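Residues per chain, in single letters:
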Amino acid sequence: MHNGEHELTAGPLPTHQDVARDVLGRFQDLGHRYWGWVTVLAFLFVLGVVGFIIRLSEGFSDENRANWGYFVATLAFIVTTFTAMPVISAGLRLAKANWRRPLTRVTENMAITGLLVVLMLIPALIALPSINGRLSIWFEFPLGAPGVWDVIGYGTLAFIGLALLWGVALPDLAAARDHLPASTRQRVIGWLSLGWVGGVRQWRVLYQGSLLAGAMYLLTYPLVQTLMISDFHHGLIPGLKDAIIPATVVVNGLQGAVGMTLLTMYLMRRLGNYERYFSVEQFWALSKPLLAFSLLWFYFWWASFITFWYGRQPGESEVIRLLVLDEYRGALMISFFLNFIGPLIALVWNPVRRSVWGPALVGTGVVIGALVNQVRLYVSAFSVADPSQHVMHPRPATQWPDAPDLLIMVGAISGCVLLFMLVSKIIPVVSIWEVGEGLRLVKVRRYLNRYARVIAKSH
Amino acid sequence: MYYRRTLTDAQINRELLDVVLRTPVWWVVIVSILGLIVAGAASAFGFMMNQGLGVTGLQQPIFWGFFITNFIFWVGISHAGVMISAILRLSQAEWRRPMVRAAETMTVFALMTSLLQPLIHAGRPWRIFYWVFPYDWARGIWPDVRSPLVWDPTAIITYLTSSSLFVYTALIPDLAIIRDRSTGWRRTVYGILALGWHGNPRQWKLQGIAGILLSALILPVFVSVHSIVSWDFGVSLVPSWHVTVFAPYFVIGAVHSGVSAVVTLMILMRKLYKLENFIWEEHIDAVARLLIVVATAWLFFFWLDLVFALWLKEEQEMTVWHLRLFEPPWSWLFLAFIVFSYIIPVPLWMFRRVRRSFTWMLWTSLMVNVGMFLERLIIIVPALMRKGPWVFTYDTYRPSAVEVTLIVGSIALVALLLMLFSKFFPLIPIWEEKEGQKLIDEVKVGDRVVPALVKEH
Amino acid sequence: MANTKLMGLFQDPEQAAGAMTKLKEDGFPVEDLDVYSGSPFPEGSFGEHEPEMRLFMFPLVGALVGFAIGLLWTAGTQISYPLVTGGKPLLSIPPMTIIMYENTMLGAIIFTVLGVLFESRLPRRKLGLYDERITEGYIGIIVDCPEERATAAETALQGAGAEEIKREEG
């Protein structure tokens, strides 16, 4: 409903060739700035590895399980933000949203973080206490639960993510293969393009495959979040029976994915001059689901809170005290503000939604809030001394991060960004073919006394 | 979706106002039959008021039966209107056009019917006033806002008022169309209702904003309504009810049953009112795709409910679930519920041919609602079938003829209200259909002409 | 100086758009021109005046009113009849929030509808210059001008292909 929006003119729109030239030009150029960032991130990642080695040297036992709380919270944060991002491209492609085109690849390139998630999962699983004698989602299920099944679940997500990334990028890999000067990088890209030539059959398979892989990612992601929260949080807190919590963390993940996408787009605009791809349209469009997910996250949280508040059974009261009223109240307040109040107050205003800075700022807040929320959920759970009790007693004290925890957090997050940057030099960070297809489907035409955009239906 | 014949504004008026401007015989016949059923149900209610609640199957320890089940069922159906209308308006989905009005109207009538159920259930409906006014003026004993039973009327009245206003606001331009096509007292009445609508850009712009703004405001209300209904159960300590997932589980279940009801309604409307030019296979297909997503999300919440119910391995909780899953007749009803609401319809909807067949979609959507009625019954009754301390006489629940009559009556009532509405107002928003026609265009890509849409932004 | 209102009726929206362009070229201020149509056209299709409005104030005020009523009701009833039930203290915030939320939303929605009507300048007692064919697809172009310019407006409307021109003295 924005005034003046119809002041379109019949000026020429960019063509597929313009986009290909521009994206491949940026892609080819590996400047000092890029290598500077890669070096810094690699250094931070190494620091994280050092933190991890310190943790490892302290070993795994029931007594020092609390040491691993921040490590698991970091893992959950990555799952909630970076690894959740392909959900956006999958969802938008299924919904046939035209504005998705410039941003799908950014979100898909983040699927690479699935590898780091699987690696981090292994020590996290070792740190878990045995499921014998305590409540767990696996009940009496044998065959290596939860470890084997968690690895299968997370591995599946990582695999689908990589398949989605690689499959959808084939036409762009081929474009890079054909236009980059001969080099090792060009040969690697050529090999990865699997001889794509863009025949009718290949396009058909690509369309259907991208929808199928996207749908599978969309279905697997809630499963992974359910495994994460029930194994690493719910099963460790005596007296907790919160059936909604898997859905709450799934929504937090969707929120985190949108927030991280907005933040990434903002940084790419500022640092990489990607303004023409990530325009206000993308920020505006993404701000609406961000608002919806923020409301939904609070609603799910509230649904469990009000049930506990009314229940007032001993187990419930202790859980509420630990997670809401006492030890982790501060963390809840921060995430309550950043994941709900902030987005609500800011994003109900169309002028804020319809800007670059507004959604980017809120998105950054959501990402920080998601981190604090993971700390609240997982650090508290890992600091419970005896998960086999019926009612938690005594409640663990608030646990603050120590130096190795901080190193691990910074290192793991840097690792994700590093992986993204490395992948983005193999796979162009803007999907040339999808943007090009979109340009063919849009025309600006005279409509009575104004110009209007006419958008053709794809497929 | 856009390769259909274009209709002129005059044709659209004529076809959509057919029943409004003349009274077909079939309409009179159907309304009479429905009226008779409703009158029968009203008599059953009179009989129950005279005789007391003993004529129902309610007895120790089960005091919530068909009426409360029906209450939840109709609140659930009422979620269709906003789900379809608000979400599709917000996402500017073109295929919303023929279904928004009917869905919103069904919301209003389903809510009114649901509001009747607790009144009927109370046995002496006048006592409902105590929900709002002090129990005792002299001593100032007010209803307790800490009781979820006070939240219910608050939420439902909010939702009913909001959705009625929503329907009315979007109806104003159509009222002007009827005003311009009628004479005599009808013209006066429609003229008053149309408030002097002219259709200038200012009014149209506000109509567009109202659709989006009201959708955005009603959506959170719609979520709260069924959540609050679920908290009637959730905040109690009854085994299998005291579950945190109940609120979204109820809401998504409501959307599942409500959207299915919209499918049923659209197909019946198409047949009865001869709306073939407006309701196409593509529309039903689009709703069916939406239903696959909704139903699967619902199944996820159902699964969470089940898994976490068993989590603590509490004896009472396990007993209720054992009753539901393994002891007849509940096990049979449970099987029917899950088969009807998911196992049969959703795999069928995966096939394009089914999604585009009016017959298949009619039966599968009806099936979902039979399943969802059973779901509510299974949630309520087995959870109460426990012999508590100090209870010496107890029995199972068998709905009586009075209850069954009232359930049938409630279905007839909603249908009757919809039929009456359709006599006075168009069930498909005329101005939205006309707007849709204007936005149809084509784009040439290579050698192919691809259907396209004019976008304002 | 008395003003007069003219309405040109067009069957073809293209002609109506042309009439708007011509009228503006002839020096009729865009604020004095209006377009009546039976269904909405994309904004600015006729190059019409863009209305200013403050609709957003209405839901805000409504929400505040609703919230205040909710607070008064929930707090008032508990204070009037102070009884602790089920271990839940007097003035329990969580249940109060639920009722206050409903009332806030109700207030916002009622005020939004009032705002929409107010900003649409509805209700109007008299239809004034109007034609029933407008709800059948015709476009009415309204010119509000001083008496002495009425002929110029009429010529412009006629020239653009108006099927009929109606006039209202005001």
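Located above this text is the structure these notes cover.
Quick summary incoming for the structure in this document. (Residues numbered from 1 in each chain as written. Chains lettered and ligands numbered in written order. Predicted model: local features only at pLDDT ≥ 70, side-chain atom pairs only at ≥ 80, totals over all residues. Heavy atoms only, no water.)

## Regarding the pattern of salt bridges
Moving on, step 1. Taken as a whole, this structure holds 45 salt bridges over all chains when the rule is applied.
Moving on, step 2. A salt bridge links R97(B) to E435(B), with the nearest nitrogen and oxygen atoms 2.9 Å apart. Of this pair, R97(B) sits in the loop between α4 (66-90) and α5 (100-121) while E435(B) sits in helix α17 (residues 430-438), and the two are 338 residues apart along the sequence. Summarising the burial analysis for this pair, R97(B) and E435(B) share the class buried.
Moving on, step 3. The salt bridge partner of K166(C) is D131(C), with a shortest N-O separation of 2.8 Å. (Salt bridge = Lys/Arg side-chain N within 4 Å of Asp/Glu carboxyl O. Helix = DSSP H or I, 4+ residues; strand = E, 2+ residues; numbered from the N terminus. Buried < 20%, exposed > 50% of the residue type's maximum accessible area, 1.4 Å probe, protein only.)

## Observations regarding a nonpolar patch on the surface
Moving on, step 1. On the surface, V348(A), W349(A), F56(C), M57(C), L60(C), V61(C), V65(C) and I69(C) cluster together into a nonpolar patch covering about 660 Å² of accessible area.
Moving on, step 2. Mapped onto the elements of the fold, F56(C) is located in the loop between β2 (33-36) and α2 (57-80). (Patch = residues over 30% accessible without salt bridge, like charges linked within 9 Å, V, L, I, M, F, W, Y side chains within 5 Å. Areas by Shrake-Rupley, 256 points an atom, 1.4 Å probe, with all protein chains shown as cover.)

## Here we look at the interface of chain B and chain A
Moving on, step 1. Taken together, the contact pairs 48 residues of chain B with 45 residues of chain A.
Moving on, step 2. Approximately 4,300 Å² of surface area, both sides summed, lies buried where chain B meets chain A, with 68% of it carried by carbon and sulfur atoms.
Moving on, step 3. A salt bridge links D441(B) to R445(A), with the nearest nitrogen and oxygen atoms 2.8 Å apart.
Moving on, step 4. Contributing elements (two or more residues each) for the side of chain B that touches chain A: α8 (201-234), α9 (246-272), α10 (281-311), β1 (440-445) and β2 (448-455) of chain B.
Moving on, step 5. Ranked by residues supplied to the side of chain B that touches chain A, first place goes to α10(B) with nine residues.
Moving on, step 6. Classifying every residue of the side of chain B that touches chain A gives 31 nonpolar, seven polar and ten charged. (Contact = heavy atoms within 4.5 Å. Buried area = accessible area lost by both parts, 1.4 Å probe. Nonpolar A, V, L, I, M, F, W, Y, C, P; charged D, E, K, R; others polar.)

## A few points about helix α11 (residues 315-326) of chain B
Residues three or four positions apart in an α-helix share a direction because the helix packs 3.6 residues into each turn.
All names here are of chain B.
Moving on, step 1. With twelve residues, α11 ought to run about 16 Å at 1.5 Å a step, and its terminal C-alpha atoms sit 16 Å apart, in line with that.
Moving on, step 2. Those residues of α11 not exposed but buried are E317, V320, W321, L323 and R324. Along the axis of α11, the buried positions cluster into a sector of 150°, meaning they face one direction only. What points out from α11, more than 90 degrees from its buried face, is the exposed set E315 and F326.
Moving on, step 3. In the core, the buried residues of α11 are packed alongside α10, α12 (330-343) and α15 (358-384). (Expected span 1.5 Å × (residues − 1). Arc of directions from axis to C-beta.)

## Digging into the interface of chain C and chain B
Moving on, step 1. Counting residues at the interface gives 58 residues for chain C and 56 residues for chain B.
Moving on, step 2. Here E136(C) and R181(B) are joined by a salt bridge, their closest N and O atoms 3.5 Å apart.
Moving on, step 3. Applying the counting rule to chain C against chain B returns 25 residue pairs in polar contact (both at pLDDT 80 or more).
Moving on, step 4. If you list the elements that add at least two residues to the side of chain C that touches chain B, you get β2, α2 and α3 (93-119) of chain C.
Moving on, step 5. Of the residues assigned to the side of chain C that touches chain B, the class counts are 33 nonpolar, 14 polar and eleven charged. (Polar contact = N/O pair within 3.5 Å; in protein donor to acceptor, adjacent residues only side chain to side chain.)

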